[in-house]
Amino acid sequence: MNRRLQAIENMIRPGIGMIDVGTDHGYLPVSLARHGYPGALIASDIGEGPLSAARRSAEAAGLGERIAFQLCDGLDLCDPASVDTIVIAGMGGDTICGILDRAEWCMQARYRLILQPMTRAEVLRYWLVNNEFIIEEEQLVADGGEIYAVFSARFGGSMKLTDAELYTGAFAMLEQDPLWPAFLAKQLARFRKLLHGLRQSGREPGRLKLLEGIQQDLEKERIKYGDSTGDF
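Throughout what follows, the structure given in this document is the object of discussion.

Conventions adopted
- Residues numbered from 1 in each chain as written.
- Predicted model: local features only at pLDDT ≥ 70, side-chain atom pairs only at ≥ 80, totals over all residues.
- Heavy atoms only, no water.
- Buried < 20%, exposed > 50% of the residue type's maximum accessible area, 1.4 Å probe, protein only.
- Helix = DSSP H or I, 4+ residues; strand = E, 2+ residues; numbered from the N terminus.
- Pairing = 2+ DSSP bridges.
- Core = buried A, V, L, I, M, F, W, Y, C linked by side-chain atoms within 4.5 Å.
- Contact = heavy atoms within 4.5 Å.
- Right-handed = clockwise from strand over helix to strand, strands pointing away.
- Axes fitted to C-alpha atoms, helices over the stretch in contact; angles between N-to-C directions.
- Salt bridge = Lys/Arg side-chain N within 4 Å of Asp/Glu carboxyl O.
- Parallel < 35°, antiparallel > 145°, perpendicular 65-115°, else oblique.
- Left-handed = near helix turned anticlockwise from the far one by under 90°.

1. Focus: the pairing of strand β5 (residues 112–117)
Of all six residues in β5, six are buried; the element is thus mostly enclosed. Covered by surrounding structure in β5 are R112, I114 and Q116 together with L113, L115 and P117, the residues of both alternating faces. When strand β4 (residues 85–91) meets β5, the two strands line up parallel, connected through six bridges. Counted as the bridge partner of A89 is Q116 from β5. Two strands pair when backbone bridges link them, and β5 and strand β7 (residues 146–155) are joined in this way by four bridges, in the antiparallel orientation. Note on β7: the bridge partner recorded for L115 is F151.

Written out as structure tokens, the structure reads:
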């Protein structure tokens, strides 16, 4: 498996069952089966092609009977009683929000969400904290020349994030992560570029002020690490 999937697997705890939404080749449930995960394993995908690939992966590993396969959009066919861990990875944060919006049964403390947005992580974090989810754990993973966030969340509580933390994750949760300096540097470069474009255009003064505040918070955090950008 790639580093992103390995980080996700490392976050999964033994339980009633796990569903992997957007399973693609099914590498995650196959690996969990190999490593003795005790609960039900469900591989779900919206496309017949990826789901067929997942079946082939399971059969090649001799685990075809161990994993259930669901052709559906998101969690639409998932039996809430069959799982307590929900993995949604490898898609945009806004797409993940849409999946969770349609599955209101996830809004119970018994379910642990493990999420890995490829883009628009800030949209997903905003959705979570504004729908009474707490982000319990977050880590960074380098894969394919990019740095991605992998985090777990659970319903039932109050959590506040600053505007900057919506884009990066909670500072206090990530400051010990070895990839944090490099990730901060990438985020700062992103906001400098955005700010340069807005200043040149002279438009959207409200957005300009917001982004300037985010940049200032990121700069303050970066100062703790000097000029190091880290290696990944």
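2. Concerning the nonpolar core
Ranked by internal contacts, the top residues of the largest apolar core, which has 53 residues, are L75, I86, I88, L100, W105 and L128. With eight residues, helix α8 (residues 180–201) is the largest single contributor of residues to this core. Setting aside chain neighbours within four positions, we find L100 in contact with I88, C106, L113, L124, W127 and L128. Core analysis: the next-biggest nonpolar cluster, separate from the first, contains 22 residues, L5, M18, A43 and I67 among them.

3. Some points on the pairing of strand β3 (residues 67–71)
Examined bridge by bridge, strand β2 (residues 40–45) and β3 share five bridges and lie parallel to one another. Counted as the bridge partner of I42 is A68 from β3. Crossover β2 to β3 through helix α3 (residues 48–60) is right-handed.

4. Observations concerning unusual backbone geometry
With a phi close to 60°, D24 is a non-glycine residue in the positive phi region. Summarising the element assignment, D24 is placed in the loop between β1 (17–21) and α2 (27–34). D24 gets classed as partly exposed once you look at its relative accessible area, which sits at 41%. A positive phi angle is found at E132, which is not glycine, with a value near 65°. Positionally, E132 belongs in the loop between α5 (121–129) and β6 (133–143). Accessibility expressed as a relative area gives 47% for E132, which makes it partly exposed.

5. Concerning the sheet that holds β7
Judged by pairing direction, the sheet is mixed, and its seven strands sit side by side in the order β3-β2-β1-β4-β5-β7-β6 without closing on themselves. In this open sheet, the two strands that pair with only one neighbour each are β3 and β6. For this sheet, the mean angle separating the axes of adjacent strands, direction not counted, is 15°. As paired elements, β1 and β2 share five bridges and run parallel to each other. Directly across from G17, in β2, lies its bridge partner A40. Contacts from α2 reach β1, β2, β3 and β4 within the one sheet, and its direction differs from that of β1 by about 155°. Of the strands in this sheet, β5, β6 and β7 touch α5, which is tilted by about 165° from β6.

6. Describing the pattern of salt bridges
According to the stated counting rule, one finds 16 salt bridges in the structure shown. The salt bridge involving E146 is made with K186; its shortest N-O contact spans 3.8 Å. In this pair, E146 is assigned in strand β7 and K186 in helix α8, connecting sequence segments 40 residues apart. Residue E146 is classed as partly exposed on the basis of its relative accessible area of 38%. In this structure, the salt-bridge partner of R192 is E219, at a minimum N-O distance of 2.8 Å. Linking R192 in helix α8 with E219 in helix α9 (residues 205–223), this pair joins segments that are 27 residues apart in sequence. Overall, R192 belongs to the partly exposed group, its relative accessible area being 40%. In the salt-bridge network here, residues are joined through shared partners; they are R112, E136, E137 and R154.

7. Topic: the packing of helix α1 (residues 3–11) against α2
Two elements in contact, α1 and α2, have axes whose closest approach is 10 Å; the angle formed by their N-to-C orientations is 45°. Between α1 and α2, the interaxial angle falls into the category oblique. The crossing of α1 and α2 is right-handed. Mapping the contact onto sequence places L5, I8 and E9 in α1 and Y27, L28, S31 and L32 in α2.

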